[in-house]
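# Coordinate analysis (summary)
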Amino acid sequence: MAKPKNVLFIMFDQLRWDYLSCYGHKALHTPHIDRLAAMGVRFDRAYIQSPICGSSRMSTYTGRYVHSHGASWNGIPLKVGEKTMGDHLREAGMECWLVGKTHMRADEEGMARLGLEPDSLIGARVSECGFDVFERDDGMLPEGPDGSYDPDGAKEYNKYLKARGYESDNPWHDFANSGVDAAGNVLSGWFLKNSSEAANILEKDSETPYLTTRGMEFIESRGDTPWLCHLSYIKPHWPYIVPEPYASMYGPGDVQAPIASQAEYEAAHPVLKAFMDSIVGKAFSRQEVRDAVIPAYMGLIKQADDQMGRLFKWLEETGRMEDTMIVVTSDHGDFLGDHWMGEKTFFHDTSTKIPLIIYDPSPEADATRGTVCDALVECIDLAPTFLDVAGGDAAGQRHVLEGHSLLPILRGEATETPRHCVICEYDYSASPIADRLGMSPRDGVMFMVADKKWKLVHCEGGFRPILFDLENDPQELTDLGASEAPEHVAAVEAMYEKLFAWARRPSQRTTRTEAQLVEMRQKTRRRGVMIGVYDENDVPLELSVHYRGRKAANHKGREAAE
C-alpha cells in the first residue's frame with residue numbers, strides 16, 4: 001500500500017453515531033461501514049462544534065469553532081475572508097471538490113463590497129465554501145406560502161428525476177420524499193404519519209444511490225492531480241421516508257426504548273425544558289411518532305450502508321482503495337425522542353457525538369487497523385488532517401486551523417489529541433424557542449464544554465449551568481448543575497475554567513502565522529526602531545550602525561542668521 005494521494009471525505013446528514021452496528025446498535029446491521037472500521041480507526045469520542053447543519057459544517061470546512069467563523073445558524077453566511085479546507089489544500093497542491101450538500105450561504109453583501117463577482121473563479125469558490133463544485137445538492141426543496149426554503153435545492157436531482165419520467169413541478173417532494181395512495185394522492189413525507197409509507201420512487205433513483213453514482217463519476221473523471229472529494233449525502237436527514245425494499249425492513253419492534261425518564265422531564269432546566277416542549281419535542285415524545293419515524297430512519301441508514309458497499313467495491317476494483325484515505329462521518333445526530341426531544345439542537349451525546357471512521361491506506365497505519373480510539377476529537381480536526389495528507393504545514397496553521405491533525409493517531413504515534421476538552425456552541429437567537437423564553441438575540445446562545453468525566457452546558461441569560469457526570473450517568477439523565485455537593489460544585493468550577501480558557505484564545509489573529517509572530521518580536525529593532533534605548537551602547541552595534549558616526553551640517557543657528 002502507498003501513502004494516500006487522495007481523500008474521499010464522506011459525510012451523512014443527521015446520522016446518529018449509535019445507529020451503526022460497529023457502534024453497538026442491536027437491530028441495525030451496517031456491515032460495509034463496519035468493514036471500513038475494521039480497515040481503519042473508529043473514533044468513540046468525536047464531537048461536532050454546533051448541533052445544527054450549517055454551523056456544524058462551517059466548522060468542519062474551516063477547521064474553526066463557531067465563535068471564530070461566525071456562521072452561527074442555518075442561513076447565516078460564512079463571512080468573506082474565512083479560509084476553508086479548499087483554500088488550504090489548493091495551496092498544498094490538492095484539488096478540493098464537492099459532490100452533494102454543504103448548507104453554505106454565501107456572504108453576498110461582503111462579496112459585493114469587495115467587488116467579487118459570483119461567476120468568477122474566486123467568487124465561485126467563496127460562494128461555495130471553498131469547494132470547486134462537481135454537483136451541489138443541498139437536498140431540500142420545501143415550499144410554503146412565502147416561497148421555497150431553498151430555491152436552488154435539489155436542482156440537478158430534480159432534472160434527473162424529470163428525465164427519468166417523474167413528472168411533477170417538484171419531483172424531489174412528490175416522489176423521492178413522499179408516498180402515494182391507490183388513488184394517486186401524494187402522501188407527503190413532511191407529515192410524520194407518512195414515514196411508514198414507502199417513497200414513491202425506484203430505489204435506484206432515490207437520493208442516496210444518485211449521489212453515490214455522482215461521486216463515482218467524479219472520481220472517474222480525475223487525472224493525476226491529488227484531490228479531495230467531499231461526498232456529502234442528504235440522508236438520513238428528514239423527511240423521514242425511504243423506498244422499498246428498505247421501507248419494509250424495520251418496524252415498531254425494532255425501535256429501541258427512548259433514553260428518557262419522567263424525572264428528567266419534570267426537573268428539566270428552563271432552557272432545556274423549552275426545547276423539550278417545542279413542537280418537534282412534543283411530537284417525538286409520542287410513541288406512535290417514534291414507531292413511524294425510526295423504522296424509516298433505520299431504513300435510510302441501511303440503504304446508505306448498502307451504497308457504501310457499492311462504492312467501496314468499486315474503489316477496490318479501480319485500485320483507488322490503495323491511494324485514497326476514506327473518512328465516514330456525520331454533521332450531527334438526531335434525538336428521535338431521546339430526552340423528550342426531536343431534531344438535534346441540544347448538547348446530549350445523542351446529538352453532539354458523531355460517528356467518525358478513518359481508513360488510511362499507508363503502511364504506517366497498519367498497526368492501528370481495526371482499533372478504537374478514545375481520544376477527545378472534534379470535527380475541526382478533519383481540515384488539518386487533510387492538509388497533513390496533502391503535505392501542507394498543518395502544525396504551522398494552528399492559529400487558523402484550530403483543530404489537530406489525526407495522522408499521529410492513525411499511524412500509531414499518539415493515542416490522544418493535545419486537547420483537554422471539547423467545545424460545542426448553539427446560537428438559537430433566530431429560533432422560535434428564543435421567543436418562548438423571552439430571550440434577546442444577545443442572550444439566545446449556549447455553550448457546551450466536556451471532557452471524559454464531565455459535561456457542562458452554559459446558557460446565557462442568567463441561568464444556572466447544566467452538569468452531567470458522564471462516567472456514572474453516560475445516558476445524561478440526571479442534571480447535577482443545581483447540586484451543592486462539593487464534588488459537583490468543584491466540577492462546575494473546573495469546567496467553567498476550561499470554557500473561559502477556550503474563550504480567551506486568540507482565534508481572530510489569522511493574518512500572520514505563529515512563526516511570523518515570533519519573528520516579528522525582534523524585527524522592529526532590526527529595522528531601526530530604538531524605543532526605550534538610553535545609550536547607543538545599550539544595544540548591539542549592528543542594530544544601531546546606521547545611527548553611529550554620521551555627520552551633518554549644523555543648522556541650529558540658521559533661523560536667527562536669516
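Being a predicted model, the structure only gives us computed values, none of them experimental.

## Re the state of the cysteines
One pass over the full model with this rule turns up zero disulfides. With no disulfide of its own, Cys229 lies 9.2 Å from the sulfur of Cys96, the closest cysteine sulfur. Unpaired in terms of disulfides, Cys373 finds its nearest cysteine sulfur in Cys22, a separation of 14 Å.

## Quick look at the pattern of salt bridges
Scanning the entire structure with this criterion turns up 47 salt bridges. With a closest N to O distance of 3.8 Å, Arg90 and Asp87 form a salt bridge. Within this pair, Arg90 and its partner Asp87 are both found in helix α4 (residues 85–91), separated by three residues, close to a single helical turn. Note that Lys455 and Glu476 form a salt bridge whose closest N and O atoms lie 2.6 Å from each other. Residue Lys455 is found in strand β16 (residues 454–459), and its partner Glu476 is found in the loop between β17 (466–469) and α18 (486–503); the two are separated by 21 residues along the sequence. Here Lys455 falls in the buried class, since its relative accessible area comes to 0%. Here the residues in one salt-bridge network are Arg105, Glu128, Arg136, Asp138 and Asp150, joined through shared partners.

## Topic: the packing of helix α1 (residues 31–39) against helix α13 (residues 287–317)
A pair of packed helices can be characterised by two numbers: the angle between their axes and the separation between those axes. The contact between α1 and α13 brings their axes to 7 Å, and the two run at 50°. With respect to α13, the axis of α1 lies oblique. Note on element contacts: α13 touches α1 through Lys302, Asp305, Asp306, Met308, Gly309, Phe312 and Glu316, opposite Pro31, His32, Ile33, Arg35 and Leu36. For the contact of α1 with α13, the class distribution of residues is five nonpolar, two polar and five charged.

## Observations concerning helix α7 (residues 155–163)
Side chains three or four residues apart in an α-helix point the same way, a direct result of the helix having 3.6 residues per turn. Of all the positions in α7, only Tyr157, Asn158 and Leu161 are classed as buried. Around the axis of α7, the buried residues are gathered within 100° of arc, so they sit on the same side. Just downstream of α7, Gly165 is the residue with a positive phi angle, here 95°.

## Description of the packing of helix α9 (residues 207–221) against α13
At their nearest, the axes of α9 and α13 sit 10 Å apart, and the two run at 20° to each other. Taken together, the axes of α9 and α13 lie roughly parallel to each other. Of the two elements, α9 crosses α13, and the hand of that crossing is right-handed. In this structure, α9 contributes Thr208, Pro209, Thr212, Thr213, Met216, Ile219 and Glu220 to the contact, and α13 contributes Gln303, Ala304, Gln307, Arg310, Leu311, Trp314 and Leu315.

## Details of the packing of aromatic side chains
Under the definition given, this model contains 25 aromatic pairs. Where Tyr157 meets Tyr160, the ring centres are 6.3 Å apart and the plane angle is 15°; that geometry is what we call stacked. A residue pair is termed a helical-turn pair when its members lie 3 or 4 positions apart in one helix, as Tyr157 and Tyr160 do in helix α7 at three residues. Ring geometry for Trp172 and Trp190: centres 6.3 Å apart, planes at 55°, overall tilted. With a gap of 18 residues between them, Trp172 in helix α8 (residues 171–176) and Trp190 in the loop between β8 (186–188) and α9 connect regions that are remote in the sequence. Judged by its relative accessible area of 0%, Trp172 falls in the buried class. One aromatic cluster in this structure is built from Phe275, Phe346, Phe347, Tyr426 and Tyr428. Taking the ring centre of Trp17 as reference, the NZ or CZ of Lys353 above it sits at 4.0 Å.

## As for the sheet that holds β16
If you walk across this open sheet you meet the four strands as β14-β15-β16-β17, and the pairing is antiparallel. The open sheet has two edge strands with one neighbour each: β14 (422–427) and β17. The sheet shows a mean angle of 15° between the axes of neighbouring strands, taken without regard to direction. One ladder, built from six bridges, connects β14 with strand β15 (residues 445–450); its direction is antiparallel. By the bridge assignment for β15, Ile423 is matched with Val449. Each of β14, β15, β16 and β17 is contacted by α18, which is oriented at about 70° to β16, the strand it contacts most.

## Brief notes about the nonpolar core
Phe9, Phe43, Leu228 and Phe346 are the most contacted members of the largest nonpolar core, which totals 70 residues. A per-element tally of this core places helix α15 (residues 382–390) first, with six residues. Ignoring sequence-local partners within four residues, the contact set of Phe346 consists of Pro51, Val271, Leu272, Phe275, Phe335, Met341, Ser351, Thr352, Met446 and Ile466.

## A word on the pairing of strand β9 (residues 227–236)
Residues in a regular strand project their side chains so that they alternate between the two faces of the sheet. Counting buried positions along β9 yields ten of ten residues, so the element is predominantly enclosed. Bridge analysis of strand β1 (residues 6–13) against β9 gives six bridges, and the strand direction is parallel. Following the sheet pairing, Ile10 is matched in β9 by Leu231. Pairing of strand β3 (residues 95–100) with β9, which is carried by six bridges, proceeds in the parallel orientation. Considered in β9, the bridge of Leu98 is made with His230.

## A word on the side chain of Thr62
Its place among the elements puts Thr62 in helix α2 (residues 53–62). Engagement of the side chain of Thr62 in a polar contact is seen with the backbone nitrogen of Arg64, the distance being 3.1 Å. Beyond its immediate stretch of four places on either side in the chain, Thr62 contacts His69, Leu78, Lys83, Thr84 and Leu401.

## Looking at the pairing of β16
The element β16 is largely enclosed, with a buried count of six among its six residues. The alternating pattern of β16 places Trp454, Leu456 and His458 and Lys455, Val457 and Cys459 on opposite faces, both of which are buried. Relative to β16, β15 runs antiparallel, the two being bridged by five bridges. Note on β16: the bridge partner recorded for Met446 is Cys459. Connecting β15 to the antiparallel partner β16 that follows it, the hairpin turn spans three residues.

## Topic: the environment of Ala494
Mapped onto the secondary structure, Ala494 falls in helix α18. Classification of Ala494 by relative accessible area gives partly exposed; the value is 38%. As a C-alpha pair, Ala494 and Leu456 span 38 residues in sequence and 9.8 Å in three-dimensional space.

Conventions used here
All residue numbers here refer to positions counted from 1 along the written sequence of the relevant chain. Residue-level local features of this predicted model are given only where pLDDT is at least 70; pairs of side-chain atoms are given and counted only at 80 or more, and the full residue set underlies all totals for whole chains, interfaces and linings. Heavy atoms from the whole structure form the basis of all side-chain values; hydrogens and water molecules are not counted. Pairs of cysteine sulfur atoms within 2.5 Å are identified as disulfides in what follows. A pair is scored as a salt bridge if a Lys or Arg side-chain nitrogen falls within 4 Å of a carboxyl oxygen belonging to Asp or Glu. The way it works is that DSSP assigns letters per residue, a run of H or I at least four long becomes a helix, a run of E at least two long becomes a strand, and they are numbered from the N terminus. Accessibility here uses a 1.4 Å probe with only protein chains present; expressed as a share of the type maximum, an area under 20% marks a residue as buried, one over 50% as exposed, and anything in between as partly exposed. Throughout, an axis means a line fitted to C-alpha atoms (over the contacting stretch in the case of helices), and angles, computed between N-to-C directions, take values from 0 to 180 degrees. The labels follow the angle: roughly parallel below 35 degrees, roughly antiparallel above 145, roughly perpendicular from 65 to 115, and oblique for the rest. Whether two residues are in contact is decided by their heavy atoms: any pair within 4.5 Å suffices. Throughout, the ten residues Ala, Val, Leu, Ile, Met, Phe, Trp, Tyr, Cys and Pro are labelled nonpolar, Asp, Glu, Lys and Arg are labelled charged, and all others, Gly among them, are labelled polar. Working note: the arc is built from the helix axis to C-beta atom directions. Should the near helix be turned anticlockwise from the far one by less than a right angle, the crossing is left-handed, and should it be turned clockwise, the crossing is right-handed. Each aromatic pair joins two rings of Phe, Tyr and Trp (for Trp, the six-membered one) with centres within 6.5 Å, and gets the label stacked for planes under 30 degrees apart, edge-to-face for over 60, and tilted for any other angle. We call a charge positioned above a ring when the Lys NZ or Arg CZ atom is no farther than 6 Å from the ring centre and deviates by at most 35 degrees from the ring normal. Paired strands are those between which DSSP finds at least two bridges. Note on terminology: a nonpolar core comprises buried Ala, Val, Leu, Ile, Met, Phe, Trp, Tyr and Cys residues joined through side-chain atoms within 4.5 Å. Two N or O atoms form a polar contact when they lie within 3.5 Å of each other; inside protein one atom must be a possible hydrogen donor and the other a possible acceptor, and for residues adjacent in sequence the pair counts only when both atoms belong to side chains.

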